[in-house]
Structures are given as C-alpha cells and as structure tokens.
Amino acid sequence: MVTTPSYTRTARWLHWAIAVLIVCMLAGGLLMRFLPEDNFSLTVLVYNWHKTIGILILVLSVVRLVWRLIHKPPVHDANIKGWEVLLSKAVHVFFYVFMIGMPLIGWAIISTSRFPSKLFNVLPLAKLPGLRNYTGDARDKLNDLLGDIHEVFAYMAIALIILHIVAAVKHHREDGVFLRRMLPNKKKVD
Ligand code: HEM
Ligand code: HEM
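Residues numbered from 1 in each chain as written. Chains lettered and ligands numbered in written order. Predicted model: local features only at pLDDT ≥ 70, side-chain atom pairs only at ≥ 80, totals over all residues. Heavy atoms only, no water.

K.L.:
Any details on the site of ligand 2? Residues and values, ideally.
P.N.:
In the neighbourhood of ligand 2, 24 residues make up the surrounding shell, with G29, H50, K51, G106 and H150 lying closest. For ligand 2, an oxygen atom lies 3.4 Å from a polar atom in the backbone of G147. H150 places a side-chain nitrogen or oxygen 2.8 Å from a nitrogen atom of ligand 2. When contributions to the shell around ligand 2 are tallied by element, the ones reaching two or more residues are α1 (9-31), α2 (40-70), α3 (82-111) and α4 (136-175). In terms of residue count, α3 provides more of the shell around ligand 2 than any other element does, seven residues in total. Residue classes in the shell around ligand 2 are distributed as 15 nonpolar, six polar and three charged. (Near = heavy atom within 4 Å. Polar contact = N/O pair within 3.5 Å; in protein donor to acceptor, adjacent residues only side chain to side chain. Helix = DSSP H or I, 4+ residues; strand = E, 2+ residues; numbered from the N terminus. Nonpolar A, V, L, I, M, F, W, Y, C, P; charged D, E, K, R; others polar.)

Below, the structure is given as structure tokens:
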C-alpha cells in the first residue's frame, strides 16, 4: 500500500481545478486572436467568458494562497536532491505570482480599454481604481503595454508548466509515488 504523505484534500482540489482552468485559459487566450473579425457578438462573448473565468481563477488562487500559508506541505522524500527542491520551490512561487498576477494584469487591460466588460456576459465588471482616469493616447499606450505583459507572462507560464509536468512525471517514474502527493492517498498531512 502506498503511504506517501500528500497535500490536504482542499489543496489537491484547488491544484487540479486551477490547473485545468489555467490550461484552458492559456489555449483559449492564444486562440482568441483567430476569432472571425466580422462576428463581433461572438468576439464579445468569448472575451467576456475569458474575463469571467480569469476572475474565478483569481478568487480561487487567493483562497489557495491563504490555505497554503496556513497548511504546511508534505515533507519531500530524502532521495530528492537539494537543487531540485530549490528549483521546484522557485517554480511554485512563480505559479502563485502568475495565478494572482495574470488575472490582475487582465483586469488592468480592461480598465484601460475603450470597450466595456461583462462577467458572465451580463454583469458589468468595474474598472480598477487609478486606471479608469487614463484617457486618449496615454490610455491606449498603457493598454498595449499591459497586453504585451499579459502575453509574455502567458508564454513564461507555458514553459514552466511543461517543466513542472516533466519534473513531476520524472520523479514519479523514479519512485512510483511522487504524483500521489497531489492525488488521493491513505496518509494525508491535514
Ligand atoms: C496549469 C498547470 C499547473 C499549475 C499552475 C500547477 C501549480 C502547482 C503548484 C503551485 C504547486 C505547489 C503546491 C504548493 O506547495 O502549494 C504544484 C505542485 C504539484 N503539482 Fe502542479 N500545477 C499544474 C499542473 C500539474 C500537472 C499537469 C501535474 C501532473 C503531471 C502536476 C503535478 C504536481 C505535483 C505532483 C505537485 C507536488 C509537487 C511537490 O510537492 O513538490 N501539476 N503545482
Ligand atoms: C490566469 C488567468 C488568465 C490567463 C491564463 C489568461 C491568458 C490570456 C492569453 C494567453 C491571452 C492571449 C495573449 C494576448 O494576446 O495578450 C489573453 C488575452 C487577453 N486577456 Fe487574459 N488571461 C487571464 C485572465 C484574464 C482576465 C482576468 C482578464 C480581464 C478581466 C483578461 C483579459 C484579457 C484581454 C482583454 C486579452 C486580449 C489582450 C490583447 O489583445 O492585447 N485575461 N489572456
């Protein structure tokens, strides 16, 4: 029977829910540029759902961060090298910054946009204070810059998600239990 310690049930649910949403958002976000230019209502609908799921990720990620700060992660197996633990910690910190920072940058983009945004395609999404006062050229320039940051951040996350998956699968192949840290298990650290 496998007895590796694992993350708490809440941490595991949040990990997989946010992981699925982020992968869909990265793929969906990059595909949004191929929407047909002549179908304005479809474009508005897709963008509004992108924003809605992005805000949901923000809320879930804040909950996850708070949960993480008050619950210690399970200890690592002694076979895992010091530099690997350090690198994985750095990648995990990046993920937390990304999970919260990416939606906030998205929110900043729409706060400097000429177009209104609606959650669930219905509820108006308020602009961030401090950004709604920009007008004219300054607003357009800031909007472009924020769009570029949002895009670069997306490519960085894609690279690190691939690294994260490769590392998780590599360790799992070495010890046969590594992935169990994020999957249901007998012995939990609650
Ligand atoms: C968008 C995709 C993903 C994101 C943003 C993500 C993020 C994270 C974060 C932040 C942690 C650290 C948890 C903590 O200590 O608080 C973590 C751990 C983990 N993730 Fe992911 N993850 C993603 C996808 C995946 C996938 C696809 C796998 C499986 C192949 C996976 C397997 C794991 C495992 C096994 C751990 C525990 C690692 C350890 O304890 O050192 N993750 N993930
Ligand atoms: C973790 C959450 C999010 C992910 C992974 C994500 C991902 C992406 C990606 C990959 C793109 C395409 C890259 C680009 O053209 O800039 C994009 C574009 C965009 N996203 Fe997000 N996004 C997230 C959250 C949000 C939120 C919360 C909003 C607004 C409230 C938002 C608003 C936008 C807008 C307006 C664009 C088009 C930007 C432009 O054309 O310059 N995003 N997003």
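K.L.:
Could you give an account of the site of ligand 1, with specific residues and numbers?
P.N.:
The immediate surroundings of ligand 1 are formed by 19 residues, with H15, R68, Y96, H164 and R181 found nearest. Contacts to ligand 1 include Y7, whose side-chain N or O atom sits 2.8 Å from an oxygen atom. Between ligand 1 and Y96 there is a distance of 2.6 Å, counted from an oxygen atom to a side-chain nitrogen or oxygen. Among the secondary structure elements, those contributing two or more residues to the shell around ligand 1 are α1, α2, α3 and α4. Among the elements that take part in the shell around ligand 1, α1 stands out by supplying five residues, more than any other. Partitioning the shell around ligand 1 into residue classes produces 12 nonpolar, four polar and three charged.

K.L.:
Account for the coordination of the iron atom of ligand 2, with residues named and values stated.
P.N.:
Tetrahedral coordination by four donors places them ideally at 109.5 degrees to one another around the metal; octahedral coordination by six donors ideally gives 90 or 180 degrees. Here the iron atom of ligand 2 is held by the protein donor atoms H50 (NE2) and H150 (NE2), which lie 2.0 to 2.1 Å from it. A relative accessible area of 16% means that H150 is categorised as buried. (Donors = N, O, S within 2.8 Å, 3.2 Å for Na, K, Ca; no water. Buried < 20%, exposed > 50% of the residue type's maximum accessible area, 1.4 Å probe, protein only.)

K.L.:
Give a detailed account of the environment of L31, specifying residues and quantitative values.
P.N.:
Note that L31 resides in helix α1. Classification of L31 as exposed rests on a relative accessible area of 55%. Spatially, the C-alpha atom of L31 lies 19 Å from that of I57, the residues being 26 residues apart in sequence.

K.L.:
Please give an account of unusual backbone geometry that cites residues and values.
P.N.:
One non-glycine residue, F120, adopts positive backbone phi at about 55°. Within the secondary structure, F120 sits in the loop between β1 (118-119) and β2 (123-124). Residue classification places F120 among the partly exposed residues on the basis of a relative accessible area of 47%. The phi torsion at N121 lies on the positive side, around 65°, for a residue other than glycine. Tracing the backbone shows N121 in the loop between β1 and β2.

K.L.:
Before we move on, could you go through the packing of α1 against α4 and cite the residues and values that matter?
P.N.:
Angle between the axes and distance between the axes are the two parameters that describe a pair of packed helices. At a closest axis distance of 11 Å, the pairing of α1 and α4 adopts a crossing angle of 135°. With respect to their mutual orientation, α1 and α4 come out oblique. Note that α1 runs across α4; the crossing there is left-handed. In this structure, α1 contributes H15, I22, L26 and L30 to the contact, and α4 contributes A154, Y155, I158, I161 and H164. Within the contact of α1 with α4, the residues separate by chemical class into seven nonpolar, two polar and no charged. (Axes fitted to C-alpha atoms, helices over the stretch in contact; angles between N-to-C directions. Parallel < 35°, antiparallel > 145°, perpendicular 65-115°, else oblique. Left-handed = near helix turned anticlockwise from the far one by under 90°. Contact = heavy atoms within 4.5 Å.)

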